[in-house]
Structures are given as C-alpha cells and as structure tokens.
Amino acid sequence: MRDRSSLLGRRDVLLSAGAASLSQLVACAPAITSPSAPLPKEASPRPPPGLVLKHFAAFGVDENLLREGLSAALSRGAERADLYFQHDVYTALSLEDGQVNRALTNVTLGVGVRAVRGDQTGFAYTEDLSLEAVRRAGKTAAVVASGSAGRIAGAFHALELPKRYTAALPWENVAIAERLPLLTRLEAAAVKADRRVRTVRVSLGDSHGAILFVDSDGRVFEDFGPMTTLRMSCTMDHGGRRESNGYNVAARAGLEFYTDDRLGRVAREAVARTSVLFDAKPAPLGEMPVVLAAGASGILLHEAIGHGMEADFNRKNTSIYADRVGKPIAKHIVSIVDDGTIPFARGSINVDDEGNLAERTLLVDKGTLATYLHDTISAKHYRVKPTGSGRRESFRHAPMPRMRSTYMLAGPHGDDEILASVKRGIYCTNFTNGQVQIGAGDFTFYVKNGYLIEDGKLTQPITDVNLIGNGPKVLEQVDMVGAKLEFDEGGWTCGKDGQSVPVSLGMPRVRVARMTVGGRKA
C-alpha cells in the first residue's frame, strides 16, 4: 500500500494478487515475538460462579472481571459499553527458490473496552488481562461521557452462534513439518509446468484462536475461527524479458482446505497468468465498452461502490449515496448483496464484533438502493436494525460498519451473449493494484490480465491497462449482467481508517457500456 496519507479519504487498495508476498503483508505488523501466551490445550480453569467461559477462563477472565470492566466503562454516564477479548495465534511459512526464507509465529492477546454515548465512542485497550488493568482501560474509555454511572444487565446470557467455519483439521494440531510439504509441492509443480520459470515464491499463513464479547446489555459469546491464505508467485524469463504474476487462495478453514485439486489450480493459474504476459500488448486507450470477468472483478464493486454504502460515510454525508435510499442507482438487472453467512468464506462471520448476528443484506434491489451497512451506532441514527456489519481489525480497534462478502447477483444474460455484443472493447480478468476515493467513488485499477474484444471474440492478450472512473457512474453504465455468479477465492483484505479486515467478493460477468481505459501511467 502506498501514499495512504497523501490525501484525506483517498487510499490505495490492498489487492490479493499472488505477486504480493507474505513478507510484504506482514511488514507493518508489530515486532514478532516468541509465543508468550500459547493456546491453552490443557487448561484447568477454576470454574467461575455464574458465567462459564470455554476459552478465556484459562487467562483468568471470569464474570467478576467482566462486570468490573463494564462498570468502569459506564462509570461516567455512557449509555452502553462492551469488552472485546482476542486471543489469536498466527503462523507463517514462506519458501523461495527451494529455501525457507521466513517462518514466524505471532501471538495476539488483549482486550478492548468501549464506552458509547450517542454517536461518541470512548475506547481503550490493554494486553494485560488482570482485573486492575481491565478496570483502568474501562475508566479511560469512560471519559467520553459525563454523568451518572450506567447500569449493567442483571445476568449475562450467552448467544448461541452458527458454526460457519469449523475446521476439520484445526491449525493448532498441524506441525510446521506438515505445512512445508504444501509449499515444496507447489514449487515443484510450477517448475515442471514451464521451463521458463526462474523463481518461485510460495507462502502459507494460518491462524486460530478465539474472541470473547460481552456488553452491558448482558450479551456474551465466545467465537472460534480459523483463517488461512496460500500465495504463489513466479517469475519467468523468455528471450531476455522477465514477467511475474501469481495466484492465491484463502478461507476460514483448516488444513483440509488444501486439497490436491486446489493446490494444482494454484500452480496452474500462477504459471498461466505469468506466461500469457509474454504475448500481451498495450491496450487501446480511450472510452469503450468494458467486460468484467466473473469473480475477481468484484473488487471494483467492493471498492468503488460498496464503501459508499457503509452507513458511517452516509451519516457523515461524505458518500454519494447519502440521500439515495429508496431511489434508483442502477438498471433493474443489478442487485447487490453483502453477506456474512457464506460457509468458510474469508469474509464470513458468525456474529459481528459488537454482538449482532451476521446476516445477508440486500443493498441494491433491482437497481434501487435498499439500505446501508449498519453497525449499532449508525443503526440507532437511522432508526433501523443493525445489519451485523460492525467489524474491527483487532482488540486494539473500535468497530465500524464494514463489508463482509460483497457480490452482485446473477442477471439475465449469457456469458457468450455479453462478449458477442461488443464490437471492440476489452475484457478484464484480474487486477493487481488500485486506488479509490471512498465516498465519492473515483477509482483507478490496474488490470494485470485481460484481452482485446474484437467482433465479439477474445483476441489479443493485453497489458498495461488502467480502468479509470467513478464507481456510482460506472454502476449506472452496467447494462448486461451474466447468469453465472462466481466468487473469487483469493485472500482479499479491506483497509479503512487504518483498520484491515478480511473480506470476500464476487460477481457474474458484466458489461459496462462505456468506461475510460488508460495506460500504465494513467
């Protein structure tokens, strides 16, 4: 990501291209330390009176600590308060040219305390889970309010959660020695696939752990979730010219996610997406019809349009959609959903980070803007129910409205029919970089792979292509929507206000009647 601070509200987009190495992704993470707080496999907690915690009791968390933390956060008149505990063990392993060049484990443990009054939020966090430390954090968060102390519900009641991402082979039971063969197999497959392959980089990241949420209304839950991402990139040499590209897959799943079929696809796609670049030529420039391939093109939907439907931007009147609920914003063939309920999807959640169950939210219904994505604060402002979209990066952050799995529903047109309708245009299959101005929706996306469309057929591979436009206006230009919805299986990460959260995306093949196509420096 670059130039994030150059312009308020404007940021680069962290894409899932395989060319982005794991080392790049963790470069901004806190210093890696040895696991000072390993996952308790044989915990023998003292059962606290009343509320019994399955995971966090091993760290000394009990009902008394929860009540003391909430009481401190409510001590100056906040309307409500919550505690968000997180324990997460992240392991990464990467291989380059046959050598392990990175191996690490990072343990995250702490609690964030939030106090809310109106639309004001007081927030503090601590990595110390002692009673005194949690109480201090609560008193710090409490300064957002000034008045009489609030009250906590008389009894806690546990939320029963769905089980959308239970791992068959949990990562806590997988040794490093079992991870490494996945990487060596992929490297060997890439080298075997094309003799022009010179360098192969493969990385595997996985995490497991739990969160504990409790609020002053008495709601409490523990949620357990795996996450994994496998990235592969390769560099090929042909006639003195070098090209690099890659592929990656991700899910909320355990080791069982990496089937032979999936590993084979990762290697094939990484090599194929690189080798085709030797035949690619610069694209024609100017305004023309653009066909977006199913799957990964959903990144345009997410970045240039989806953010404008997050309620906080509309509440602050910084989104172009601030006064458009109930009004047409696209043709009737366009319907858009944000969904937290897809089993094992990277963007799925059982419950959001402020205790609201995840749901499937219809944002655009047959061309009409139906609603925004709401956290608890925005839902109260708009007098609607939260959509289960309050998410946070970690216990160090307060929640805000965020997307989960965002996609366009299938439409009435055949894939071939869409291509056949274009006399001359371009077909975009995957993207590696981009920049978008949230709210206004102005964007630039770099197309890594694509093709020229001539007389309704795919012909010349193209490269050095930028798509330039405004998300809401491009959405109005969508005039054909394919009948087959596809989800991209890559490891997408969404950045907003300094917080990153995992997301998923997808769409069917779509034709945009007119869009500006620029070159590499556009």
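Residues numbered from 1 in each chain as written. Predicted model: local features only at pLDDT ≥ 70, side-chain atom pairs only at ≥ 80, totals over all residues. Heavy atoms only, no water.

**Student:** Looking at this structure, how should I read unusual backbone geometry?
**Tutor:** Only a minority of non-glycine residues have a phi that is not negative, and only a minority of peptide bonds are not trans. Look at aspartate 97: it is not a glycine, yet its phi comes out positive at around 50 degrees. Within the fold, aspartate 97 resides in the loop between strand 2 (80-96) and strand 3 (99-117). You will see that phenylalanine 344, though not glycine, has its phi angle at about 70 degrees, which is positive. (Helix = DSSP H or I, 4+ residues; strand = E, 2+ residues; numbered from the N terminus.)

**Student:** Would you explain the pattern of salt bridges in this entry?
**Tutor:** A side chain with one charge may pair with a side chain of the opposite charge, provided their charged atoms come close. In this structure the tally under the stated criterion is 26 salt bridges. Across the pair glutamate 243 and arginine 241 runs a salt bridge whose closest N-O atoms are separated by 2.9 Å. For arginine 241, a relative accessible area of 33% puts it in the partly exposed group. Connected via shared salt-bridge partners are Asp82, Arg114, Glu354 and Arg392. (Salt bridge = Lys/Arg side-chain N within 4 Å of Asp/Glu carboxyl O. Buried < 20%, exposed > 50% of the residue type's maximum accessible area, 1.4 Å probe, protein only.)

**Student:** How should I be thinking about helix 3 (residues 131-141) in this particular structure?
**Tutor:** Working note: α-helix, 3.6 residues per turn, so residues spaced by three or four point in the same direction. Along helix 3, the residues that are buried comprise Ala133, Val134, Ala137, Gly138 and Ala141. For helix 3, the buried positions fall inside an angular range of 140 degrees around the axis, keeping them on one side. Looking at the packing, one finds that the buried side of helix 3 touches helix 2 (63-73), strand 3 and strand 4 (120-126). (Arc of directions from axis to C-beta. Contact = heavy atoms within 4.5 Å.)

**Student:** Before we go on, may I ask you to explain helix 6 (residues 298-305) in this structure?
**Tutor:** With 8 of 8 residues buried, helix 6 lies mostly within the body of the structure. Here helix 6 has its buried residues at Gly298, Ile299, Leu300, Leu301, His302, Glu303, Ala304 and Ile305.

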